[in-house]
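# Overview (structure and organization)
Spelled out, the chains give:
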Amino acid sequence: MNQRLPVGADIFEDIRRQNCYYVDKTKFVKNLLENRGTVNLFTRPRRFGKTLNMTMLKTFFEIGTDSKDIFTGLEIAKDQDVCSSFMNSSPVIFLSLKSVQGKTFTDALARVASLISYECDRLSFLADSQHISQGNQHNFAVLKNQAATRHQLEDSLKFLSGMLRKHYGKKAILLVDEYDVPLDKAFSNGYYDDMVDFMRIFFGEAFKTNEALEFAVVTGCLRISKESIFTGVNNLAVNSITDNDFGYDENFGFTDGDVRKMLADYNLSFAYEDLHEWYNGYTFGSTNIYCPWDIVSHVAKLKGNPETKPRSYWNNTSSNHMVKRFIDKADATTRIEIERLIAGGSVERTVMETLTYEELDKSIDNLWSVLFLTGYLTKTKAPAGFPAEPIELTIPNLEVREIFIEKIKDWFAEKNSAAKTQEEIQRLYCSFLDGDCAAIEEVLQSQLRATISYFDNYENYYHGFLAGLLIGCGEWSVKSNRESGEGRSDLLLTANDGSVGIVIEIKRAGAPESVAAMCEAALKQIEEKDYKEAFLSSGVEKVRLYGIAFWKKTCGVKTTETQTII
C-alpha cells in the first residue's frame, strides 16, 4: 500500500483527489437522505470525523460541480438512484465555526464576519446573478467586505440561502460544523450571554420558517439545550453517541473492521492488539468505535518505524479543560471514584444529554455527563430505561487513562503549591538543615493528605512530589536523578549559600510496618553507591544524608550525622 495517510486532513475532496487513504463513510449520505429531518444535529467527541463527513456532504450535494469521479469506487456510488437524484443537485452553504473564539465578544463576532465573508467569496457568482436584485447584491457585498452590522450577521445564513434559491431556483442545504465551539470559548472567556443571544438569532433565522432551506446538518461535541440557542426550532432531529437509530453509529469514527483493514492494507496487522488497547473502547449507539485521529496518526508512525509504541495523540488536540474543570470540583467521594476509574473500574451515573454551559459548574453530576458526551468516559452497558436511569461509565482506553493521570497530577501539584504557606516552606527548609526528621515527616504528610491514593503505587510520583516541594522552598539548588558516585541519586540539594549539601534517596514501602526498614535501606544505598561524592569538588562544608520511605499518605524519614567534606 503506497497511499499516503491523511494525518490532520479533513477536506474530503483533497483527500480523494490526492489519492490519500480514505476509510469509506459515504454510507452517511444515504442514511441522512432516508432519515433526515429539516435540521439534523449530530453530536460526537472531537476528532471523530465530523468535519470530514461534513466536507464529504458538501462535495456530494453541491450544485455546479461534477463529483462523480471523486466518489468512484466508494459505497455511495453503488446506489445509482441516490447518485442520479441527489449528487450535485443542490446549492450548499458550508460554515465551520471551530475558529470562532476570542478574548471578547467583539473579537469572536469579527471571526464570524470573516467566515461569512469567506463563504461569500466562495459564492461570488451571486454578485453578478441576473436573478438577484441590486439591493440584495449590495447587501451581499457588505457581507463579503466584512462591513456587516451585527443584525446583518445574525441574518446572514438566511440571507445567503435566499440568494442561492433565487439564483438556482432550488432550496439550499446548510452545513454548520462545530456549532458549539463559539459557546465553549465564550463561556471560558466571560461573554457567554452575549454569544447565546447572537447564536439564538443566527440559527433561528436560518432554521425557522426559512422557505429557502432544503435541510440543514449541524455537528458539535455537546447538545446544547434547545432553550438556549434552538428556541422555536421544532424540527430538530438529534443523533448523539447514545442513539442506535438509522445506522449513524458507524458513520463517525472507525469500526473494528475499519482498523483491521487499514492495518492489513499496510502490512501492519501485528500492531492490532496495541491499537485496540490504546484507542478502542468508545461506544456509539451499540457499536464499538476507535478515534480516527489516533488510528491514522499511529499507523502513519508505524509505516515509518514498525517498532513505534502507542502514544497519546488525542491529548494534544485540546486543552482538556473539561477534565480540569471536573477535577476542580472533586470532593472526597469523587476522588475515590476517580481512583476507581483510573484503576480500571467503573462508576454509575445518570447522564444529562442536554445542558447549557452555564449549568456545567452547578453540580458534579453535570460534569460527569459532559465527560461522557465528549469522549473522556464511555458506557460499558446501559439499562433498559437509559438515559433516565444510571449507566455504567468507565475510561475507554489507555490513551484517555493517561490524560486523566497527567491532568490529575498537574492539578494536585498546583493544589499542593497553593496550599503551602510560607511558614511551612520555611519549616521544611530548616528541618532539612537541622536533621529534624519528625518535623519533615509532619510537613510531608500534611501535603500528602491533599493528593489522591491512586498515585501511592508509584515511587516516581513521590519523587516528583518531594522535588516539587523542595523547589518551592526557593532556598535550594535541586538536582533530580543526577549521576553521582557509582549510581544515580534521587535528589541532590545545595543550600543557596553553598554551605550545606543534602543527598536524598526515596523508597516506596510495601506495607506500613516496613517504612523504617526502607528508610535504612535508602541510607545504605547512599553509602554503598557513594552518592555524596557529587559534593567533593563543590565547596560545601557539610553533607547530610536522608533516606525517606513512603507508604500511601504516610512517610518515614531517617538521616545520618552531618559529615564534613574536606
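Above this text you will find the structure in question.
Just so it is clear, the structure is predicted and the values come from calculations on it, not from any experiment.

Take the overall build of the chain next. Counting secondary structure elements, the chain contains 23 helices and 18 strands. Counting over 566 residues, the chain shows a buried share of 53%. Put simply, the chain shows about 24,300 Å² of open surface, and 46% of that area lies on carbon and sulfur atoms.

To continue, consider the side chain of T55. With respect to the helices and strands, T55 occurs in helix α3 (residues 50-61). There is a polar contact of 3.1 Å between the side chain of T55 and the backbone oxygen of D10. Look past the residues within four positions of T55 in its chain and what remains in contact with it is D10, I11, F12 and F94.

Looking now at the packing of helix α7 (residues 134-144) against helix α9 (residues 156-168). The relative placement of two packed helices comes down to the angle between their axes together with the axis-to-axis distance. For the pair α7 and α9, the least separation of the axes is 11 Å and the interaxial angle reads 130°. Between α7 and α9, the angle falls in the class oblique. Seen along the crossing, α7 lies across α9 with a hand that is left-handed. Across the interface between the two elements, N136, N139, F140 and L143 from α7 touch S156, F159, L160, M163 and K166 from α9. Partitioned by chemical class, the residues of the contact of α7 with α9 number five nonpolar, three polar and one charged.

With that settled, the discussion passes to the environment of A148. Among the structural elements, A148 can be located in the loop between α7 and α8 (150-154). Looking at A148, the relative accessible area reads 22%, which means it is partly exposed. Put simply, A148 and A110 are 38 residues apart on the chain and 9.9 Å apart in space, counted from C-alpha to C-alpha. In this structure, A148 is in contact with V142, L143 and L153, ignoring residues within four places of it in sequence.

We now examine α9. Across its 13 residues, α9 extends 18 Å between first and last C-alpha, which sits within 8% of the 18 Å expected from 1.5 Å per residue. When α9 is considered as a whole, its buried residues turn out to be S156, L157, F159, L160, S161, G162, M163 and L164. Packing partners of the buried residues in α9 comprise β2 (92-96), α6 (105-122), α7, α8, β3 (172-177) and α11 (192-207). Directly beyond the C-terminal end of α9, a positive phi value near 75° is found at G169.

Here we take up the nonpolar core. If you look at the biggest cluster of nonpolar residues, it comprises 85 residues, and the most contacted ones within it are M195, F203 and F207. With nine residues, α11 is the single largest residue contributor to this core. Once residues within four sequence positions are removed from consideration, M195 is found in contact with V100, F105, A108, P182, L183 and A186.

Turning next to the sheet that holds strand β4 (residues 213-220). Spatially, the five strands line up as an open sheet ordered β2-β3-β4-β1-β6, and their pairing is parallel. Two strands in the sheet have a free side with no partner beyond their single neighbour: β2 and β6 (236-239). For this sheet the average axis-to-axis angle between neighbouring strands, irrespective of direction, equals 15°. Here five bridges tie β2 to β3, and the two strands are oriented parallel to one another. Bridged to S96 within β3 is D177. Across the sheet, α11 touches β1 (39-43), β2, β3 and β4, and the angle it forms with β4 is around 145°.

What follows concerns the packing of aromatic side chains. This structure, assessed with the given rule, holds 29 aromatic pairs. A ring pair is formed by F207 and F230, whose centres lie 6.4 Å apart and whose planes are at 35°; its orientation type is tilted. With F207 in helix α11 and F230 in the loop between α12 (226-229) and β6, this pair connects stretches of sequence that are 23 residues apart. Judged by its relative accessible area of 2%, F207 falls in the buried class. Geometrically, the ring pair formed by W278 and Y279 is tilted, given 6.2 Å between the ring centres and 55° between the ring planes. Neither residue differs from the other here; W278 and Y279 are each classed as buried.

Procedures and definitions
Residues numbered from 1 in each chain as written. Predicted model: local features only at pLDDT ≥ 70, side-chain atom pairs only at ≥ 80, totals over all residues. Heavy atoms only, no water. Helix = DSSP H or I, 4+ residues; strand = E, 2+ residues; numbered from the N terminus. Buried < 20%, exposed > 50% of the residue type's maximum accessible area, 1.4 Å probe, protein only. Areas by Shrake-Rupley, 256 points an atom, 1.4 Å probe, with all protein chains shown as cover. Polar contact = N/O pair within 3.5 Å; in protein donor to acceptor, adjacent residues only side chain to side chain. Contact = heavy atoms within 4.5 Å. Axes fitted to C-alpha atoms, helices over the stretch in contact; angles between N-to-C directions. Parallel < 35°, antiparallel > 145°, perpendicular 65-115°, else oblique. Left-handed = near helix turned anticlockwise from the far one by under 90°. Nonpolar A, V, L, I, M, F, W, Y, C, P; charged D, E, K, R; others polar. Expected span 1.5 Å × (residues − 1). Core = buried A, V, L, I, M, F, W, Y, C linked by side-chain atoms within 4.5 Å. Pairing = 2+ DSSP bridges. Phe/Tyr/Trp six-rings, centres within 6.5 Å; stacked < 30°, edge-to-face > 60°.

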